[in-house]
Amino acid sequence: MSTQGEELLKSIRSMRGFFGDVSQLLMTADGIMSEKSWEPIWASSCLGDMSYHVSFGHKWMPREAWRLYKNTELYPKVIAIVTVFLDDYQREYNLSEPIVSGSYFVFPEEQTEETIKLDYWHTRCLGWCKVNLDGTPDSVDNHKPDWKATYGWEHMEVFGWPLVEITEENMLKQRIIDPLLEMIDAYCGTRDVHK
Amino acid sequence: MLQAMIHGKLTREEEGLEDLLTSNTFGLMKYLPPKAVLLPFLSLARDPLRDRSLASWLQGAVKVESFRFWNSLEHPDCFRCEPDVHIVFLHDDGAKTWVLIEAKYRSGKSSEAVEDTERPNDQLACEFDNLKSISQQKGITRHALVYLTTDYTCPEKELQESADEYERKRGSIPNLYWLSWRMLYDVLESADYSDNGMIEDLKKLLLNLNLTMFRRLRFPELKRPEWSFERIPKFWGWRIIRPNWLFKRRELSWTWAPMPKRGEWYFQK
């Protein structure tokens, strides 16, 4: 008897289990961020740019999953993001492996809270930046030639690690969340000094 | 039922029964020494409204005096209620701590605050109301209600709503604590009784139900299969429907301009 069908089912179930784990990664990120007063901007959404269309089966599977956070009390001009890059299908960049990234965007002081928002593509900004997957950050700010006023923000930083190295809560905290919050703290502290 | 739950033999409806989860988890904890799982787990409960932990009250607990499930409570001044788990701890100094646990899995509180009655009606407020009144009768000074949910972060709003109704109607702040099912896995992992079969089964149960924090990334299972779909040769064919009309042929003709005669023209230099 052929075992192909069983193998196929096993693969599909493995994929489902893997997505369940990625969901726990992001929910755990929510938990760690909330301990430092960072709240998710969207209560439960974490996916986008997919398709329900019968013709676009390749887009039935997510290519990224992400959570956006704000801390209106301490950092009212900042949006922080944790993104899991799963695939680069029809993206403008190539991935060699799935990645977990941390990024943040700082908006001008004069910007009001209701105008502080980001387009979806910002969740995958690491794709366009030149970063080594060892936590070393890359940054863009309003002095650089590739920055555009239409972005709305004036400074951003992003870094990443291979997903296969972020396999449980402690790794997530040590490699993604803690450095992300430290970078925000360092930048915003500097900005306050120069004000 | 525990083995059926571990091996995925239950329907989704059965699996979602919070009573079944409570029974399988606390049912096993009842037969383990309290310091193995029960005390470390409950010690993680915290009161977000007063920023304190249940650990300080459980310190010095040496014995479980009473461990009951779905015990009905009805003080004459309160609405009747049925918390999921009722535990009375006995301390080394003879003191007692009474802990009620209201466990949730895929549903929220069963009742909410109402204005038209003097008694607290919100599920947590009502349970604490009974707990406090009966504790006072029994002379138990330390009593707490633990709201056990699947959340990753504390559902502060739900606790605040319960506390607000209780405070409005009884004039004091209730001892409401929150705990997540997801914290149990780590307690089991660090238990000294790690080779105990009951603890291993509890861990399997929590993993099967995905009731953990981020503890695993199952990518080794995602390997490229050793087989592939065979490509089927494509033979496309279709019947041509012949039209019952034809383009009408027309005679083609050109009118040539008469060739100029030799000597009547020349290239301009």
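Placed above this text is the structure.
Nothing here was measured: the structure is a model prediction, and the numbers come from that model.

Asks: Help me understand the overall build of chain A in this model?
Replies: Counting secondary structure elements, chain A contains two helices and six strands. When its helices and strands are written in sequence order, chain A yields α-β-β-β-β-β-β-α. Its C-alpha atoms give chain A a radius of gyration of 18 Å, near enough to 16 Å, the size a compact globule of 195 residues would have. Judged by the C-alpha coordinates and their principal axes, chain A covers about 75 × 35 × 30 Å. Residues classed as buried in chain A amount to 45% of the 195 residues present.

Asks: I tried to follow the nonpolar core on my own but got confused; where do I start?
Replies: Soluble, globular proteins show a tendency: their nonpolar side chains are buried together. Residues Phe-26, Val-37, Phe-41, Leu-42, Leu-54, Phe-89 and Ile-101 of chain B are the most contacted members of the largest nonpolar core, which totals 67 residues. With six residues, the top contributor of residues to this core is helix α6 (residues 123-138) of chain B. When sequence neighbours within four positions are dropped, the list of residues in contact with Val-37 of chain B reads Met-29, Leu-32, Leu-184, Val-187, Leu-188 and Ile-199 of chain B. Counting 33 residues, the second-largest nonpolar core is a separate cluster that includes Ile-32, Met-33, Ala-80 and Ile-166 of chain A.

Asks: Can you walk me through the pairing of strand β7 (residues 176-180) of chain B in this structure?
Replies: A regular strand carries its side chains on alternate faces of the sheet. All names here are of chain B. When you tally the buried positions in β7, you get five out of five residues, the bulk of the element. Burial of β7 is two-sided: the residues Leu-176, Trp-178 and Ser-180 facing one way and the residues Tyr-177 and Leu-179 facing the other way are all buried. The sheet contact formed by strand β6 (residues 142-149) and β7 spans five bridges and is parallel. What sits directly across from Leu-145, in β7, is Leu-176.

Asks: Explain the state of the cysteines to me, please; I cannot follow it from the model alone.
Replies: By definition, a disulfide links two cysteine residues through a covalent bond between their sulfur atoms. Residue and element names in this part refer to chain A. Applying the stated rule across the entire model yields zero disulfides over all chains. Cys-46 takes part in no disulfide bond, and the closest cysteine sulfur to it belongs to Cys-125, at a distance of 17 Å. Note on Cys-46: relative accessible area 23%, which makes it partly exposed. Sulfur of Cys-125: no disulfide; nearest cysteine sulfur belongs to Cys-129 and is 5.5 Å away. With a relative accessible area of 5%, Cys-125 lands in the buried category.

Asks: I tried to follow the packing of aromatic side chains on my own but got confused; where do I start?
Replies: Working definition: an aromatic ring pair is given by the centre-to-centre distance plus the angle between the planes. Tallying each qualifying case throughout the model produces 18 aromatic pairs over all chains. Measuring from centroid to centroid gives 6.4 Å for Trp-57 of chain B and Tyr-177 of chain B, while their planes differ by 55°, and the two rings are tilted. Separated by 120 residues along the polypeptide, Trp-57 of chain B in helix α5 (residues 55-58) and Tyr-177 of chain B in strand β7 bring together distant segments of the chain. Each member of the pair, Trp-57 of chain B together with Tyr-177 of chain B, is buried. Look at Phe-69 of chain B and Trp-70 of chain B: their rings are 5.6 Å apart centre to centre, the planes differ by 40°, and that puts the pair in the tilted class. Clustering of aromatic rings is evident, with ring pairs tying together Phe-85, Tyr-93, Phe-105, Trp-121, Trp-128, Tyr-151 and Trp-153 of chain A. Here the guanidinium or amino end of Arg-175 of chain A rests over the ring plane of Trp-161 of chain A, the centre of that ring lying 4.0 Å away.

Asks: Would you explain the side chain of His-122 of chain A in this entry?
Replies: Considering the arrangement of structural elements, one finds His-122 of chain A in the loop between β4 (99-106) and β5 (138-141). Apart from the residues lying within four places of it in its own chain, the contact partners of His-122 of chain A are Ile-81, Phe-105 and Trp-153 of chain A.

Asks: Before we go on, may I ask you to explain the packing of helix α3 (residues 18-29) of chain B against helix α9 (residues 197-208) of chain B in this structure?
Replies: Residues and elements named next belong to chain B. Where α3 contacts α9, the axes come no closer than 10 Å and their chain directions differ by 155°. The angle between α3 and α9 places the two elements in the roughly antiparallel class. Two packed elements cross with a definite hand, and for α3 against α9 that hand is left-handed. The segment α3 lies against α9, with Leu-21, Asn-24, Thr-25 and Leu-28 engaging Met-198, Leu-202 and Leu-205. Among the residues forming the contact of α3 with α9, the class breakdown is five nonpolar, two polar and no charged.

Asks: Would you mind going over the pattern of salt bridges with me for this structure?
Replies: Two side chains bearing opposite charge may form a pair once their charged atoms approach each other closely. Residue and element names in this part refer to chain B. Tallied over the full model, the rule gives 24 salt bridges over all chains. Across the salt bridge formed by Arg-50 and Asp-47, the nearest N and O atoms sit 3.4 Å from each other. Among the salt bridges present, the one from Lys-204 reaches Asp-201, with a minimum N-O distance of 3.9 Å. Taken together, the residues Lys-204 and Asp-201, both in helix α9 and three residues apart, mark about one turn of the helix.

Asks: Help me out: how do you make sense of the packing of α6 of chain B against helix α7 (residues 156-170) of chain B in this one?
Replies: A pair of packed helices is captured by two measures, namely the crossing angle of their axes and the spacing between those axes. Residue and element names in this part refer to chain B. Relative orientation of the contacting elements α6 and α7 amounts to 50°, with a least axis distance of 8 Å. It follows from the interaxial angle that α6 and α7 lie oblique. The two elements α6 and α7 meet at a crossing, and its hand is right-handed. Along the contact surface, α6 presents Leu-124, Ala-125, Phe-128, Asp-129 and Lys-132, while α7 presents Leu-159, Ser-162, Glu-165, Tyr-166 and Arg-170. Grouping the amino acids of the contact of α6 with α7 by side-chain chemistry returns five nonpolar, one polar and four charged.

Thresholds applied
Residues numbered from 1 in each chain as written. Chains lettered and ligands numbered in written order. Predicted model: local features only at pLDDT ≥ 70, side-chain atom pairs only at ≥ 80, totals over all residues. Heavy atoms only, no water. Helix = DSSP H or I, 4+ residues; strand = E, 2+ residues; numbered from the N terminus. Rg over C-alpha atoms; globule rule 2.2 N^0.38 Å. Buried < 20%, exposed > 50% of the residue type's maximum accessible area, 1.4 Å probe, protein only. Core = buried A, V, L, I, M, F, W, Y, C linked by side-chain atoms within 4.5 Å. Contact = heavy atoms within 4.5 Å. Pairing = 2+ DSSP bridges. Disulfide = S-S within 2.5 Å. Phe/Tyr/Trp six-rings, centres within 6.5 Å; stacked < 30°, edge-to-face > 60°. Lys NZ or Arg CZ within 6 Å of the ring centre and 35° of its normal. Axes fitted to C-alpha atoms, helices over the stretch in contact; angles between N-to-C directions. Parallel < 35°, antiparallel > 145°, perpendicular 65-115°, else oblique. Left-handed = near helix turned anticlockwise from the far one by under 90°. Nonpolar A, V, L, I, M, F, W, Y, C, P; charged D, E, K, R; others polar. Salt bridge = Lys/Arg side-chain N within 4 Å of Asp/Glu carboxyl O.

Without other data, these values stay purely geometric and don't point to any function.
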